[in-house]
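Residue-level structure breakdown
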Amino acid sequence: MKNSPSNCPKCKGMGWILDVGTNTASKCVCYEEMVQSNRLKFAMIPDEFKNLTVNSFDTSIYSNNQKEIAIRAKRIVGGYINNFEEMQQQGKGLFFFSKSRGSGKTRLAVSTGNALIMHKSQRVRFITTLDLLSKIKETYSNSDEYTEQSLLNEFYEIPVLILDDIGTENVSPWVTEIFFKLLDTRMTYRRITIITSNLSIEDLKHDERIKSRLRRMTITIDMPNEDIRRKLGTEENNDLINRLIGGL
């Protein structure tokens, strides 16, 4: 069995090999694997999406009138990853949009993040908008020094932020101010933001300041208007039922 970076017999999980005689250190062969492992942990990607790739995004599962939309979305993402350095210089992220829940928006957005971790050595972080707002609210009741600003600073500085399900939050002056500061700072410093939503930028309930920044800092990718998650769930359950009837 292959050793994981944490139990490498050469460096004992340190990533560096110490030479006592010369008082020097050199990178272990597991060093890059350790770095990648740490990036994946930092990303906080949900377990169901952790190993998914853009190549494995199956467009054939969509119905005929939606399949071409899925193929086009996959091609755009492939081109985005291949030209990521240019996109990064321009500060251009992605805005995955479909009116249908379960259309594959989050799946393809996270697959993009996985590719940027594995092939472009990027630090990526995934969070839903509701979880982000919840974490900020938690800082108000903390007795330690972890404040709203210190939490926001973390999300300002993440090189690639995947912000899932914008538009599900209740818009208030407080929420608007949080999102404005987040998006304005990330746009100013050209940090990549990848967003998913069931609403188009124009239909978001946020004010024009936020919409204008989203238009500037993201490329919209239309996703199929089909609940493929329900379709797959039904197929999986029917398969399990047939297997249970047959005794597996």
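These notes cover the structure that comes with them.

Parameters and conventions
- As a convention, each chain's residues are numbered from 1 in the sequence order in which they are written.
- Totals for whole chains, interfaces and linings use all residues, but because this is a predicted model, local features are given only for residues with pLDDT of at least 70 and pairs of side-chain atoms are given and counted only at 80 or more.
- Only hydrogens and water are set aside; all other atoms, that is, all heavy atoms of the structure, feed into the side-chain values.
- Runs of E in the DSSP output that reach at least two residues are strands. Runs of H or I that reach at least four are helices, and both are numbered from the N terminus.
- A 1.4 Å probe rolled over the protein chains alone gives each residue an accessible area, and that area as a share of the maximum for its type sets the label: buried under 20%, exposed over 50%, partly exposed in between.
- Multiplying one less than the number of residues by 1.5 Å gives the expected span of a helix.
- If DSSP finds at least two bridges between two strands, the strands pair.
- In this description, a line fitted to the C-alpha atoms serves as the axis of each element, helices being fitted only across the stretch in contact, and the angle between N-to-C directions of two axes falls anywhere from 0 to 180 degrees.
- Here, residues are in contact when the closest pair of their heavy atoms is within 4.5 Å.

1. Some thoughts on the overall build of the protein
Counting secondary structure elements, the protein contains 9 helices and 7 strands. Within the span of the protein, comprising 248 residues, buried residues form 42% of the whole.

2. A short note on helix 4 (residues 105–120)
For helix 4, with 16 residues, the first-to-last C-alpha span of 21 Å sits near the 22 Å given by 1.5 Å per residue. Counting buried positions over the 16 residues of helix 4 gives 13, a clear majority of the element. Downstream of helix 4 by a residue or two, Ser121 has a phi angle that is positive, lying close to 55°.

3. Let's talk about the sheet that holds strand 4 (residues 124–128)
A sheet is described by the order of its strands in space; here 5 strands give the open sequence 4-5-6-3-7, paired in parallel fashion. A single partner strand is all that each edge strand has here, and the edge strands are strand 4 and strand 7 (218–222). Averaged over all neighbouring strand pairs, the angle between strand axes comes to 15°, with direction disregarded. Relative to strand 6 (residues 192–197), strand 5 (residues 160–164) runs parallel, the two being bridged by 4 bridges. Paired with Leu161 across the two strands is Thr193, which belongs to strand 6. Seen against the sheet, helix 2 (residues 64–82) touches strand 3 (93–97), strand 6 and strand 7 and runs at an angle of roughly 155° to strand 7.

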